[in-house]
Amino acid sequence: ELTGVLGLTFDPQPARGLPDTLIEPLMQLALKYELDSDGSPGPDEIVCCLLDRRLASRREQNWRLADDIRDTLREIGITLKDTSEGTVWRYGKP
């Protein structure tokens, strides 16, 4: 299984109700951004891990990577909004 190869681990987050059809595109993003994981993460967990990677990139002032993650998520229908409290995300039309 692809998740076993990736070895992804994620902090538990409340479910946002992302459709299972996003699993494959999100797993491709996990591969692209070399995310670590354990088990079989769901779509919500992958998004949270991508947001963690984006936050780390912003802290390192790696704007190209941070913007690339944002833009790639937007391509599959996930919109990010940066606020003073952190990044808020939603699936579907804003």
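Residues numbered from 1 in each chain as written. Predicted model: local features only at pLDDT ≥ 70, side-chain atom pairs only at ≥ 80, totals over all residues. Heavy atoms only, no water.

**Student:** Explain the nonpolar core to me, and be specific about the residues and the numbers.
**Tutor:** By size, the foremost hydrophobic cluster in this structure holds 18 residues, and its most contacted members are L26, V47, L50, L73, I78 and W89. Of all elements in the fold, only α2 (23-32), α3 (43-59), α4 (63-75) and β1 (78-83) reach the threshold of two or more residues within this core. For L73, the contacting residues outside a window of four places in its chain are L26, L29, L50, L51, I78 and L80. (Core = buried A, V, L, I, M, F, W, Y, C linked by side-chain atoms within 4.5 Å. Buried < 20%, exposed > 50% of the residue type's maximum accessible area, 1.4 Å probe, protein only. Helix = DSSP H or I, 4+ residues; strand = E, 2+ residues; numbered from the N terminus. Contact = heavy atoms within 4.5 Å.)

**Student:** Pulling in residues and values, what's your account of the confidence of the model for the protein?
**Tutor:** Looking at the protein, pLDDT values average 77 and 74% of them are 70 or higher. The secondary-structure element of the protein with the lowest mean pLDDT is helix α1 (residues 2-6), recorded at 40, while α4 shows the highest, at 94. In this model residues 1-15 is a low-confidence stretch, pLDDT under 50, and it forms 39 contacts with partners more than four residues away in sequence or in other chains. (pLDDT = per-residue confidence, 0-100.)

**Student:** Quick rundown of the pattern of salt bridges? Include the residues and the values.
**Tutor:** For the structure shown, the criterion picks out 6 salt bridges. Here R70 ties to D67 by a salt bridge, and the two come within 3.3 Å at their closest N and O atoms. In this pair, R70 and D67 are both assigned in helix α4, 3 residues apart and thus about one turn of the helix distant. Its relative accessible area of 25% is what places R70 among the partly exposed residues. In this structure, the salt-bridge partner of R74 is D71, at a minimum N-O distance of 3.5 Å. Of this pair, R74 and D71 both sit in helix α4, 3 residues apart, which is roughly one turn of the helix. (Salt bridge = Lys/Arg side-chain N within 4 Å of Asp/Glu carboxyl O.)

**Student:** Before we move on, could you go through unusual backbone geometry and cite the residues and values that matter?
**Tutor:** We note that Q61 has phi near 60°; this positive angle belongs to a residue other than glycine. With respect to the element layout, Q61 can be found in the loop between α3 and α4.

**Student:** Outline α3, supporting the account with residue identities and numerical values.
**Tutor:** Over its 17 residues, α3 runs 24 Å from end to end, which matches the ideal 24 Å to within 8%, given 1.5 Å per residue. Taken together, the buried positions of α3 are P43, D44, I46, V47, C48, C49, L50, L51, R54 and S57. Residues of α3 that are buried in the fold lie against α2, α4, β1 and β2 (86-91). (Expected span 1.5 Å × (residues − 1).)

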